[in-house]
Every structure is written in structure tokens, then in C-alpha cells.
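Summary of structural features
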Amino acid sequence: MTLTSDRPAGRDRLLIGLYAAIALGALVATWSQNLRFLLREDNGGVWGFVRDGYANPAAASITNDIVFVLLAAVVLMVAEARRLGIRHVWVYPLLSLVVALSVALPLFLIARQFALVRRASARSGAAP
């Protein structure tokens, strides 16, 4: 972790880049399918989307898994945001529901990494 600047370097930049690539890939992967669903006639809207998530036991298992990962991720986001002083944490759970958890979580992890860099910089005596 960088200790002399608020700007990420080394491992921090790599992590931020990886998180950004995951968020972008997740956005394309999820919304390409969401758009396919939305373009279907008689898709049932939001309730049709939820219904299709329980279309069979395999889909229900994956849907339930995502719901519980979402709950754990929201707890993590709120706890880490409070610990590190990350503002507007409510945006990430909202993005999880509106866009996708697989997009929102990496975006939160980017904000967390920047907060860790700022914290390390402040500890080293560099200007915040």
C-alpha cells in the first residue's frame, strides 16, 4: 500500500483495476441477459423476473444463493463504510438491487480501496 500519497500505487492500483474490470464484465454479462428478458413479450415485469429465478430447483438454488450473498455484502458494506468513513454507502445496496450485486460490490471495493489508501496516507503524515 502506498504510504506517501493519497493516490493509489502498486498493489492498490492493481486491485482497483481488477475490481473495475470485474464490475464492467458483470455489467455486460448481467444486463445483456436482463435486456433479453425485458424484450420478451409477456415477460411479467419484475415479478416475472423473480418467478423465473425460481423456475426449477437449480435456478432457485442460484437465486437463493445470490439473495444471501447480497445480505452478507450489504452488512459488509455498511460495516466497512462506517469503519473507514466511506460516504453514501446506501448507493451500493441500491445499485445491487437496480443494476446487479456483481457490479455494485466491486464498485464498493474500489471505494474501500481508496479509503484504505487515504487512511495509510494519513498515518504516514502525508497531506490528506
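One can find the structure itself at the top, above this paragraph.
Below or above, wherever it landed, is the structure these notes cover. (Residues numbered from 1 in each chain as written. Predicted model: local features only at pLDDT ≥ 70, side-chain atom pairs only at ≥ 80, totals over all residues. Heavy atoms only, no water.)

Turning to helix H4 (residues 91-124), a few remarks are in order. Given a rise of 1.5 Å per residue, 34 residues ought to cover 50 Å, yet the end C-alpha atoms of H4 are separated by just 30 Å, more than 12% below that figure. At Val-99, H4 shows its strongest bend, of approximately 140°. (Helix = DSSP H or I, 4+ residues; strand = E, 2+ residues; numbered from the N terminus. Expected span 1.5 Å × (residues − 1). Bend = angle between axes of the 7 residues up to and from the residue.)

Put simply, helix H1 (residues 11-39) and H4 touch, their axes get as near as 8 Å, and they point 165° apart. The orientation of H1 with respect to H4, classified from their angle, is roughly antiparallel. For H1 against H4, the interelement crossing comes out left-handed. Split into classes, the residues belonging to the contact of H1 with H4 amount to 19 nonpolar, four polar and two charged. (Axes fitted to C-alpha atoms, helices over the stretch in contact; angles between N-to-C directions. Parallel < 35°, antiparallel > 145°, perpendicular 65-115°, else oblique. Left-handed = near helix turned anticlockwise from the far one by under 90°. Nonpolar A, V, L, I, M, F, W, Y, C, P; charged D, E, K, R; others polar.)

Glancing now at the nonpolar core. Among the nonpolar cores identified, the biggest contains 18 residues, and Met-77, Ile-86, Val-89, Tyr-92 and Phe-108 are the most heavily contacted of them. Listed by contribution, the elements that provide at least two residues to this core are H1, helix H3 (57-84) and H4. Of the residues forming this core, the biggest block, eight residues, is contributed by H4. Those residues in contact with Ile-86, other than ones at most four positions away along the chain, are Glu-80, Ala-81, Phe-108, Ala-111, Arg-112 and Ala-115. (Core = buried A, V, L, I, M, F, W, Y, C linked by side-chain atoms within 4.5 Å. Buried < 20%, exposed > 50% of the residue type's maximum accessible area, 1.4 Å probe, protein only. Contact = heavy atoms within 4.5 Å.)

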